[in-house]
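# Summary of the model geometry
So the chains spell out like this:
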Amino acid sequence: RGQVREKAGRDPRPTAGMIDSQSVKADAVVGADSRGFDGGKLVNGRKRHVVVDTLGLLLGVMVTGADAGDRAAARVLLEQVAAAHHRLALVWADGGYTGSLVEHCLATFALVVAIVKRSDNVKGFVVLPKRWIVERLFAHLMRSRRLARDFERRVTSAEVMIYWSMTALMIRRLARPHRERG
């Protein structure tokens, strides 16, 4: 990740990121103990909670049953990410992460969670500022055939498959010839 960030002209250690979750259908091999039903998306399967930096590079991932709440999973995931990335100071999130999570992260990890709210005037699907970066990661994951649906029996295997997909993306970025910015 540090090499990709340096190649893009950034500091190798990120200071800002985004958090979001994605519900995916689970295959029949996924046990009932690690799957759930996401009533909002009408998905029976698992939920991928991810934190990415401003370039869309994965900082942390946690896979839970789809019925897990975003705020509860974010507490655990942001604790892991803050411990691994000491310079991380700001995380953008959508309205699903409001509430005590914001105060908890500030008090416990000195991490500012900024909620990017959707305007009341907007109708339909709109990608909010800064949030398109994490949506681009989800699009990349869905292009990986193995991740279009959750086929892994264990949650840890599902997390490793996401890291594997991100590693392939970073290798492609490093192998790409450098373009001069004009």
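Before going into details, it helps to say that this report is about the structure given with it.

Cut-offs and rules
- Residues numbered from 1 in each chain as written.
- Predicted model: local features only at pLDDT ≥ 70, side-chain atom pairs only at ≥ 80, totals over all residues.
- Heavy atoms only, no water.
- 1 Å grid on protein atoms, 1.4 Å probe; cavity = no way out; pocket = protein on both sides within 12 Å on 5 of 7 lines; lining within 4 Å.
- Points joined across faces, edges and corners; volume = space filled by probe spheres on them.
- Helix = DSSP H or I, 4+ residues; strand = E, 2+ residues; numbered from the N terminus.
- Nonpolar A, V, L, I, M, F, W, Y, C, P; charged D, E, K, R; others polar.
- Axes fitted to C-alpha atoms, helices over the stretch in contact; angles between N-to-C directions.
- Parallel < 35°, antiparallel > 145°, perpendicular 65-115°, else oblique.
- Contact = heavy atoms within 4.5 Å.
- Core = buried A, V, L, I, M, F, W, Y, C linked by side-chain atoms within 4.5 Å.
- Buried < 20%, exposed > 50% of the residue type's maximum accessible area, 1.4 Å probe, protein only.
- Left-handed = near helix turned anticlockwise from the far one by under 90°.

## Describing the layout of surface pockets
- In this structure, the second largest pocket spans a volume of roughly 250 Å³.
- Lining the second largest pocket, in full, are Asp20, Ser21, Gln22, Ser23, Asp38, Lys41, Lys47, Asp70, Asp94, Gly96, Arg131 and Glu135.
- Top contributing element to the lining of the second largest pocket by residue count: strand E1 (residues 16-25), with four residues.
- Of the residues that constitute the lining of the second largest pocket, the class distribution is no nonpolar, four polar and eight charged.

## Notes on the packing of helix H4 (residues 132-143) against helix H5 (residues 155-175)
- At a closest axis distance of 10 Å, the pairing of H4 and H5 adopts a crossing angle of 100 degrees. Between H4 and H5, the interaxial angle falls into the category roughly perpendicular. Where H4 approaches H5, its residues Arg136, Leu137, His140 and Leu141 are matched on the opposing element by Ile162, Ser165, Met166, Leu169, Arg172 and Arg173.

## Remarks on the nonpolar core
- Core analysis: the biggest nonpolar cluster contains 24 residues, and Val50, Val52, Leu58, Leu137, Ile162 and Met166 have the highest contact counts within it.
- Those elements that provide at least two residues to this core are E1, strand E3 (43-53), strand E4 (58-65), H4 and H5.
- Sort the elements by how many residues they give to this core and H5 lands first, with six residues.
- Beyond its immediate sequence surroundings of up to four residues, Leu58 is in contact with Arg1, Val50, Val51, Val52, Leu137, Ile162, Tyr163 and Met166.
- The next biggest cluster of nonpolar side chains, apart from the first, holds 19 residues, and it includes Leu59, Ala73, Val91 and Val113.

## Re the packing of helix H2 (residues 70-84) against helix H3 (residues 100-109)
- For the pair H2 and H3, the least separation of the axes is 10 Å and the interaxial angle reads 20 degrees. By the angle between their directions, the pair H2 and H3 is classed as roughly parallel. Here H2 and H3 pass one another in a crossing that is right-handed. Contacts from Arg71, Ala74, Arg75, Leu78, Glu79 and Ala82 of H2 reach H3 at Ser100, Leu101, His104, Cys105 and Phe109.
- Among the residues making up the contact of H2 with H3, the classes are represented as six nonpolar, two polar and three charged.

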